[in-house]
Amino acid sequence: MKVDFINPNILRELAQKFPESAQRARKRFKHFDMWLTGEDYPTYNQLAQLSKIFDVPFGDFFLEKLPEVKLPFEGGTKDFQDAVRHAQKVQNWAREILLEFGHESLPFAGKYRNGFDEDLVVEELKGFFGEVKTFDEMVERAEEKGVFVIRSGYIKNVRRVLSVEEFRGFVLFDEIAPVVFINNRDHVRGKAFTLVHAIVHVLMGESAVFRQESKDKACFKAVAKFLEEIQLEEKETTQPSIINYWSKRFLTLLKEAVDSGILLHTDIFDITKLSLRKLLPLLEGKFDRKV
């Protein structure tokens, strides 16, 4: 049965905002362009598939207009925007839980907001990361300090591959729950550079997106100088994609929130689609490397 009471304007707006998704829809549905004009309508099953293709709630197709969602960065593909939304979700939940636990602002967050000194920042980075030789150790140290580090080369369950050419990563600043997203399609040294670059921006108290071409030369010089001094090894240990996608610190925080009664077991599933039974072995390191 065709659903003839959807709003074609919503579908047209989605097609204009996300041309790549619209192309996927055209390949799958031969009448897609007729749905855009209202000459024809999709069935319930087809509408459900459109919901997945455009990654919007099923009910949005019946609204008068799409809800406005504000992102900290303008432009970019839908894949990039969805990566930002995912990081925002982690940050929002983490912040609320940390506040419930009584956490206060991180001492280094925004420390250099009123002035950037390359030498001082390099020394700050040395103190922040300590004696590290690998990228894994850098991530571990950053999360120990209170930063949530997401490493992923895809977005959502459909595994849409993220483009390194579009972005190498970004950081969402927050005084309590800063989140770094690293594009896992990048090479190890590139990922290390992005992580350190992100920490510099946390020190400066600002969000930022990192692309191949960047204008913040002062930050670049400080990051390059720090990495040159530590002589990082070009290797990385394979981690479960679930751990990388949510950040080990965030998943551990969810478990602690359940143990403390702040969250229910069902809340973890609602947030991550993971059961606590599946989550525990991952956090304890008892996992199949193919996860």
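What counts and what doesn't
- Residues numbered from 1 in each chain as written.
- Predicted model: local features only at pLDDT ≥ 70, side-chain atom pairs only at ≥ 80, totals over all residues.
- Heavy atoms only, no water.
- Helix = DSSP H or I, 4+ residues; strand = E, 2+ residues; numbered from the N terminus.
- Rg over C-alpha atoms; globule rule 2.2 N^0.38 Å.
- Buried < 20%, exposed > 50% of the residue type's maximum accessible area, 1.4 Å probe, protein only.
- Contact = heavy atoms within 4.5 Å.
- Areas by Shrake-Rupley, 256 points an atom, 1.4 Å probe, with all protein chains shown as cover.
- Phe/Tyr/Trp six-rings, centres within 6.5 Å; stacked < 30°, edge-to-face > 60°.
- Lys NZ or Arg CZ within 6 Å of the ring centre and 35° of its normal.
- Axes fitted to C-alpha atoms, helices over the stretch in contact; angles between N-to-C directions.
- Parallel < 35°, antiparallel > 145°, perpendicular 65-115°, else oblique.
- Left-handed = near helix turned anticlockwise from the far one by under 90°.
- Nonpolar A, V, L, I, M, F, W, Y, C, P; charged D, E, K, R; others polar.
- pLDDT = per-residue confidence, 0-100.
- Salt bridge = Lys/Arg side-chain N within 4 Å of Asp/Glu carboxyl O.
- Arc of directions from axis to C-beta.
- Polar contact = N/O pair within 3.5 Å; in protein donor to acceptor, adjacent residues only side chain to side chain.

A closer look at the overall build of the protein
- A tally of regular secondary structure across the protein gives 13 helices and six strands.
- In terms of overall dimensions, the protein is globule-like: its C-alpha atoms have a radius of gyration of 21 Å, near the 19 Å expected for 291 residues.
- For the protein, the C-alpha atoms occupy an extent of roughly 65 × 45 × 35 Å along the three principal directions.
- Taken over 291 residues, the protein has a buried fraction of 48%.
- In the protein, 70% of the contacts between residues at least 6 apart in sequence involve partners at least 24 apart.
- Working note: accessible area of the protein is about 15,200 Å², and carbon and sulfur atoms make up 48% of it.

Some remarks on the packing of aromatic side chains
- In total, this model carries 21 aromatic pairs according to the counting rule given.
- Residues phenylalanine 80 and phenylalanine 167 carry aromatic rings whose centres are separated by 5.0 Å and whose planes lie at 65 degrees to one another, so their mutual orientation is edge-to-face. Placement of the pair is phenylalanine 80 in helix H5 (residues 78-100) and phenylalanine 167 in the loop between strand E3 (160-161) and strand E4 (169-172), with a sequence separation of 87 residues.
- Judged by its relative accessible area of 1%, phenylalanine 80 falls in the buried class.
- For the ring pair phenylalanine 167 and phenylalanine 170, a centre distance of 6.0 Å and an interplane angle of 35 degrees mean the geometry is tilted.
- Given a relative accessible area of 0%, phenylalanine 170 falls into the buried group.
- Each member of the aromatic cluster is reached from another via a ring pair, and the members are Phe73, Phe80, Phe167, Phe170 and Phe181.
- Here the basic side chain of lysine 145 rests over the ring of phenylalanine 128, its NZ or CZ set 6.0 Å away from the ring centre.
- Across the ring face of phenylalanine 80, the terminal group of arginine 211 is positioned such that the distance to the ring centre comes to 5.5 Å.

A word on the packing of helix H7 (residues 135-145) against helix H8 (residues 188-204)
- Look at H7 against H8: their axes get within 10 Å of each other, and the N-to-C directions meet at 20 degrees. Considered as vectors, H7 and H8 are oriented roughly parallel to each other. Note on packing geometry: the crossing formed by H7 with H8 is left-handed. In this structure, H7 uses Phe135, Met138, Val139 and Ala142 to contact H8, whose residues at the interface are Val188, Lys191, Ala192, Leu195 and Val196.
- Tallied by class, the residues present in the contact of H7 with H8 amount to eight nonpolar, no polar and one charged.

Some words on the confidence of the model for the protein
- Here the protein shows a mean pLDDT of 89. Residues at 70 or above account for 95%.
- No element of the protein has a lower mean pLDDT than helix H13 (residues 276-283), at 76, and none a higher one than E4, at 98.
- Throughout residues 287-291 the model reports pLDDT below 50, and contacts reaching past four residues in sequence, or to other chains, amount to eleven contacts.

Side note on the pattern of salt bridges
- Counted under the stated rule, the structure contains 18 salt bridges.
- Lysine 111 is the partner of glutamate 124 in a salt bridge, and the nearest nitrogen-oxygen pair spans 3.0 Å. Of this pair, glutamate 124 sits in helix H6 (residues 118-129) while lysine 111 sits in the loop between H5 and H6, and the two are 13 residues apart along the sequence.
- Accessibility expressed as a relative area gives 18% for glutamate 124, which makes it buried.
- Salt-bridge contacts for arginine 113 lead to glutamate 175; the nearest nitrogen and oxygen are separated by 3.5 Å.

Brief notes about helix H2 (residues 19-28)
- Burial in H2 covers these residues: Ser21, Ala22 and Ala25. When H2 is viewed along its axis, its buried side chains cluster within an angular range of 100 degrees and face the same direction.

Some points on the environment of lysine 89
- Take lysine 89: it is sitting in helix H5.
- Other than its neighbours up to four places away in sequence, lysine 89 contacts Trp246, Asp270 and Ile271.
- Within the local environment of lysine 89, its side chain forms a polar contact with the backbone oxygen of isoleucine 271, the two atoms lying 2.8 Å apart.

Some remarks on the environment of threonine 37
- The topology assignment puts threonine 37 in helix H3 (residues 32-37).
- Given the relative accessible area of 47%, threonine 37 is considered partly exposed.
- On a C-alpha basis, the gap between threonine 37 and proline 240 in space is 44 Å, while along the polypeptide they are 203 residues apart.
- Looking at threonine 37, its side chain comes within polar contact range of the side chain of glutamate 39, at 2.8 Å.

Description of the side chain of aspartate 136
- Within the fold, aspartate 136 resides in helix H7.
- A distance of 2.7 Å separates the side chain of aspartate 136 from the backbone nitrogen of threonine 237, its partner in a polar contact.
- If we skip the residues at most four places from it in the chain, aspartate 136 touches Arg151, Glu236 and Thr237.

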